[in-house]
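Below are the chains, spelled out letter by letter.
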Amino acid sequence: MQFLRRAYERFAALIHELIKFGLVGAIAFVIDFGGTNVLRFGVGMGPLFSKVVATIVAATFAYLGNRFWTYRHREQSGLAREYVLFFLLNGIGLLPPLLIIGFVTYSLGLHDAVSYNIAQFVGVGLGTLFRLWSYKKWVFLAAPELAEEPVEAAVERVGARPHPDVKAQADPLTTS
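A short tour of the structure in this document, coming up. Residue numbers here run from 1 along each chain, matching the order of that chain's written sequence. The model is predicted, so local features are restricted to residues of pLDDT at least 70 and side-chain atom pairs to those at 80 or more, both for listing and for counting; the totals for chains, interfaces and linings are taken over all residues. The side-chain numbers reported here are obtained from all heavy atoms of the structure, hydrogens and water having been left aside.

Some points on helix α4 (residues 113–139)
For the purposes of this entry, the term helix denotes a DSSP run of H or I that reaches at least four residues, the term strand denotes a run of E that reaches at least two, and both are numbered from the N terminus. To estimate the expected span of a helix, count its residues, drop one, and scale the result by 1.5 Å. End to end, α4 covers just 34 Å across 27 residues, shorter than the expected 39 Å (1.5 Å per residue, more than 12% under). Categorising residues by exposure relies on relative accessible area from a 1.4 Å probe, with only protein chains included: less than 20% of the type maximum marks a residue as buried, more than 50% marks it as exposed, and the intermediate range marks it as partly exposed. Within α4, burial applies to Ser 115, Tyr 116, Asn 117, Ala 119, Gln 120, Gly 123, Val 124, Gly 127, Arg 131, Ser 134, Tyr 135 and Val 139. Residues count as neighbours in contact if any of their non-hydrogen atoms are within 4.5 Å of one another. Close packing links the buried residues of α4 with α1 (2–43), α2 (47–70) and α3 (79–107). Capping of α4 at its N-terminal end is provided by Asp 112; its side-chain oxygen lies 3.3 Å from the backbone amide nitrogen of Val 114. In the analysis that follows, any N or O atom pair within 3.5 Å is treated as a polar contact, provided that within protein one partner can donate a hydrogen and the other can accept it, and provided that, for residues neighboring in sequence, both atoms belong to side chains.

Thoughts on the side chain of Asp 32
When you line up the elements, Asp 32 lands in helix α1. Look at Asp 32 and you get buried, because its relative accessible area is 9%. A polar side-chain atom of Asp 32 sits 3.1 Å from a polar atom in the side chain of Thr 55. The residues touching Asp 32, leaving out its near neighbours within four places in the chain, are Lys 51, Ala 54, Thr 55, Ala 58, Gln 120 and Val 124.

Written out as structure tokens, the structure is:
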């Protein structure tokens, strides 16, 4: 019975995390996709440069949303470290859209908005798969597993009393 309960808790936590990640991602997608179109077709920037600028703005939003909402229960290894790593991984995740947009625009010679947006959409999809995996692996780390020993034994071993209102909780996605 304990196994089923843990499996259910892990599945429920995963679904909850995926929903939050999806909401942050959906808003970042609108910022990225809409911003790219405004910069490309409204302001007249180049196809690749407009994608880079809009992605930087969207990635900043996504970092803040994921750090302080989606993955707030995960260990924080320092905002500077996370931010640099997050943007490095976003840079790698930006490569598929840039390659596809560049191919469609410069190799195929298609400069219309429909071709541009189809290329952008396919590239963002591929980049999103990479980012979902990489954020959990390197940026928003799992909280260290808590000991299975009773609180009294831990207090004896450490020699400290926890505050009565504070209850430690392990990340349900990483506990077994």
